[in-house]
Amino acid sequence: MKSIPASLTIAGTDPSGGAGIQADLKTFQELQSYGMSVITSIVAQNTTGVQDVQHLSESMIKQQLESVISDIPFQAFKTGMLANIDIMNAVGEKISGLETPYIMDPVMVAASGDPLISEDAQTYLRDQLLPLTTVITPNIPETEVITGKTVETSEDMQQAAKQMVHEYGAGAALVKGGHMQGKAVDFLYDGNQMHTFTADRIDTTNTHGTGCTYSAAITAYMSQGYPLPEAVQKGKDYVTAAIRHSFSIGYGSGPTNHWAQREEKVK
Ligand SMILES: Nc1ncnc2c1ncn2[C@@H]1O[C@H](COP(=O)(O)OP(=O)(O)OP(=O)(O)O)[C@@H](O)[C@H]1O
Ligand SMILES: Cc1ncc(CO)c(N)n1
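What you are looking at is a predicted structure, and each value in this text was computed from that prediction instead of being measured.

1. Overview of the packing of helix H7 (residues 210-223) against helix H8 (residues 228-244)
For step 1, the next point in the chain: Interaxial distance between H7 and H8 falls to 8 Å at its minimum, and their mutual angle equals 140°. In terms of orientation, H7 lies oblique with respect to H8. Note on packing geometry: the crossing formed by H7 with H8 is right-handed. Here H7 contributes Thr210, Thr213, Tyr214, Ala217, Ile218, Tyr221 and Met222 to the contact with H8, which in turn contributes Leu228, Ala231, Val232, Lys234, Gly235, Lys236, Tyr238, Val239 and Ile243.
For step 2, the next point in the chain: For the contact of H7 with H8, a count of residues per class yields 11 nonpolar, 3 polar and 2 charged.

2. Here we look at the site of ligand 2
For step 1, the next point in the chain: The immediate surroundings of ligand 2 are formed by Gly12, Thr13, Ala19, Gly20, Gln45, Met81, Val107, Ala110, Leu116 and Cys212.
For step 2, the next point in the chain: Note that a nitrogen atom of ligand 2 is positioned 2.9 Å from one of the side-chain N or O atoms of Gln45.
For step 3, the next point in the chain: A total of 280 Å² of accessible area belongs to ligand 2 in isolation, and the protein chains cover 93% of it.
For step 4, the next point in the chain: A molecule is said to occupy a pocket when more than half its atoms come within 2 Å of that pocket's grid points, and by this definition ligand 2 occupies the largest pocket.
For step 5, the next point in the chain: Split into classes, the residues belonging to the shell around ligand 2 amount to 6 nonpolar, 4 polar and no charged.

3. Side note on the site of ligand 1
For step 1, the next point in the chain: Near ligand 1, the surroundings consist of 18 residues, among which Asn139, Lys176, His179, Asp186 and Ile202 are the closest.
For step 2, the next point in the chain: Between ligand 1 and Gly178 there is a distance of 3.3 Å, counted from an oxygen atom to a backbone nitrogen or oxygen.
For step 3, the next point in the chain: Summarising the interface, the protein chains cover 93% of the accessible area of ligand 1, which totals 630 Å² for the free molecule.
For step 4, the next point in the chain: The cavity that encloses ligand 1 is the largest pocket.
For step 5, the next point in the chain: Of all the secondary-structure elements, those providing two or more residues to the shell around ligand 1 are strand E8 (184-189), H7 and H8.
For step 6, the next point in the chain: The element contributing the most residues to the shell around ligand 1 is H7, with 4 residues.
For step 7, the next point in the chain: Partitioning the shell around ligand 1 into residue classes produces 6 nonpolar, 7 polar and 5 charged.

4. Some points on the UniProt feature "domain: Pyridoxamine kinase/Phosphomethylpyrimidine kinase" (unreviewed entry) in the chain
For step 1, the next point in the chain: Residues annotated by UniProt as "domain: Pyridoxamine kinase/Phosphomethylpyrimidine kinase" (unreviewed entry) correspond here to residues 14-257.
For step 2, the next point in the chain: For the annotated span residues 14-257, helix accounts for 40% and strand for 18% of the residues, and the straight-line distance between the end C-alpha atoms is 15 Å.

5. Structural notes on the pairing of strand E9 (residues 194-199)
For step 1, the next point in the chain: Side chains of E9 alternate between two faces, with His195, Phe197 and Ala199 buried and Met194, Thr196 and Thr198 left unburied.
For step 2, the next point in the chain: Relative to E9, E8 is paired through 6 bridges, and the arrangement is antiparallel. By the bridge assignment, Val185 is partnered in E9 with Thr198.
For step 3, the next point in the chain: The hairpin turn running from E8 into E9, its antiparallel successor, is 4 residues long, and Gly191 in that turn takes a positive phi close to 100°.

Scoring rules and cut-offs
- All chains use their own residue numbering, which begins from 1 and follows the written sequence.
- Chains and ligands are labelled by the order in which they are written, letters from A for the one and numbers from 1 for the other.
- In keeping with the predicted nature of the model, local features appear solely for residues at pLDDT of at least 70, side-chain atom pairs appear and are counted solely at 80 or more, and the whole-chain, interface and lining totals rest on all residues.
- Derived side-chain values reflect all non-hydrogen atoms in the structure, with water molecules and hydrogen atoms excluded from consideration.
- Simply put, an axis is a line fit to the C-alpha atoms, just over the touching stretch for a helix, and the angle between two N-to-C directions goes from 0 to 180 degrees.
- Each helix is a run of H or I in the DSSP string that is no shorter than four residues. Each strand is a run of E no shorter than two, and both are numbered from the N terminus.
- Here roughly perpendicular refers to angles of 65 to 115 degrees, roughly parallel to angles under 35, roughly antiparallel to angles over 145, and oblique to all remaining angles.
- Helix crossings get a hand from a simple test, with the near helix turned counterclockwise from the far one by less than a right angle marking a left-handed crossing and a clockwise turn marking a right-handed one.
- The contact rule is simple, with two residues in contact once any of their heavy atoms fall within 4.5 Å.
- Basically, the charged four are Asp, Glu, Lys and Arg, the nonpolar ten are Ala, Val, Leu, Ile, Met, Phe, Trp, Tyr, Cys and Pro, and anything else, Gly included, counts as polar.
- To be near a molecule or strand, a residue needs just one of its heavy atoms within 4 Å of it.
- A 3.5 Å cut-off defines polar contacts: any pair of N or O atoms within that distance qualifies, except that in protein one atom must be a possible hydrogen donor and the other a possible acceptor, and neighbouring residues in sequence count only when both atoms are side-chain atoms.
- Accessible areas in this description were obtained via Shrake-Rupley with a 1.4 Å probe; residue shielding takes into account the shown protein chains only.
- A cavity here means a set of 1 Å grid points, computed over protein atoms only, where a 1.4 Å probe fits but cannot escape. A pocket is an open set with protein on both sides within 12 Å along at least 5 of 7 lines, and lining residues have an atom within 4 Å of a point.
- Grid points define the cavity or pocket, and a molecule sits in it when more than half of its atoms lie within 2 Å of them.
- UniProt positions are given in the numbering used here, feature names are shortened, and annotations may be inferred rather than shown by experiment.
- Partly exposed describes any residue whose relative accessible area lies between the buried limit of under 20% and the exposed limit of over 50%, with all areas from a 1.4 Å probe on protein chains only and scaled to the type maximum.
- Pairing between two strands requires that DSSP report at least two bridges joining them.

This is the structure in structure tokens:
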């Protein structure tokens with residue numbers, strides 16, 4: 001059987017198309033990694049916020065995973081919204097034996113401020129799932145929840161990245177500075193070295209789904225064999241272009257433009 005680069009996302013949905021499963025599949029497609037998806041929760045949401053949520057049963061989530069894993073090889077996978085302990089447990093059971101790179105976006109709160117995960121699940125995520133990861137990609141509020149410390153400076157971000165690797169057993173930690181002031185700076189600690197990724201801050205409120213898009217791009221590049229720091233740099237370039245060409249649509253924070261790289265190459 002011929003093997004092509006393929007990526008799997010395990011996450012919640014966004015019918016408005018900017019975040020969650022929909023953002024992940026658009027990103028995989030754009031970066032030419034065959035995209036597959038396992039849905040954990042159906043979320044009624046849009047650019048203004050979350051209106052309703054329905055979680056899938058553990059057996060349905062496990063069966064979806066089994067359907068994919070038993071049939072089509074993939075070279076990298078990511079998790080996004082895992083809303084509660086039961087869902088985390090079901091996913092953890094199925095992925096713990098996989099040897100492919102695992103990119104965890106520890107989704108906790110939507111850009112609108114609405115919670116996407118129950119509070120007791122935050123500790124479970126840190127203790128049970130973090131040790132399985134190749135890399136975890138928290139934003140500042142998620143970093144504070146995971147480490148239990150306030151993050152205000154670049155130094156705090158770097159310390160937190162080290163703590164997630166050395167204390168909680170993440171393979172690597174990419175702490176994202178989207179919620180800081182000034183340049184958009186992210187720090188990746190891989191257990192040996194601290195890498196810095198910097199982009200100019202774009203003056204926009206269209207940030208719906210930036211985290212999903214970034215982690216999906218890293219997943220797609222890793223599925224093609226790029227080592228972690230290169231995959232992160234290419235993912236950063238992709239998400240920065242997607243924010244630069246984002247869409248002012250909807251009544252809230254607009255979505256990013258998943259085909260932005262094509263716009264930049266044409267011009
Ligand atoms: N206004 C901006 N200009 C440039 N880069 C940005 C901007 N906002 C966020 N980023 C970058 O986008 C990426 C995603 O980071 P961010 O911290 O926004 O993720 P997030 O909060 O998880 O996203 P989400 O909105 O999906 O929850 C990071 O590389 C960050 O530096
Ligand atoms: C399903 C889902 N995952 C993640 C986010 C965070 O952007 C969101 N808004 N929705």
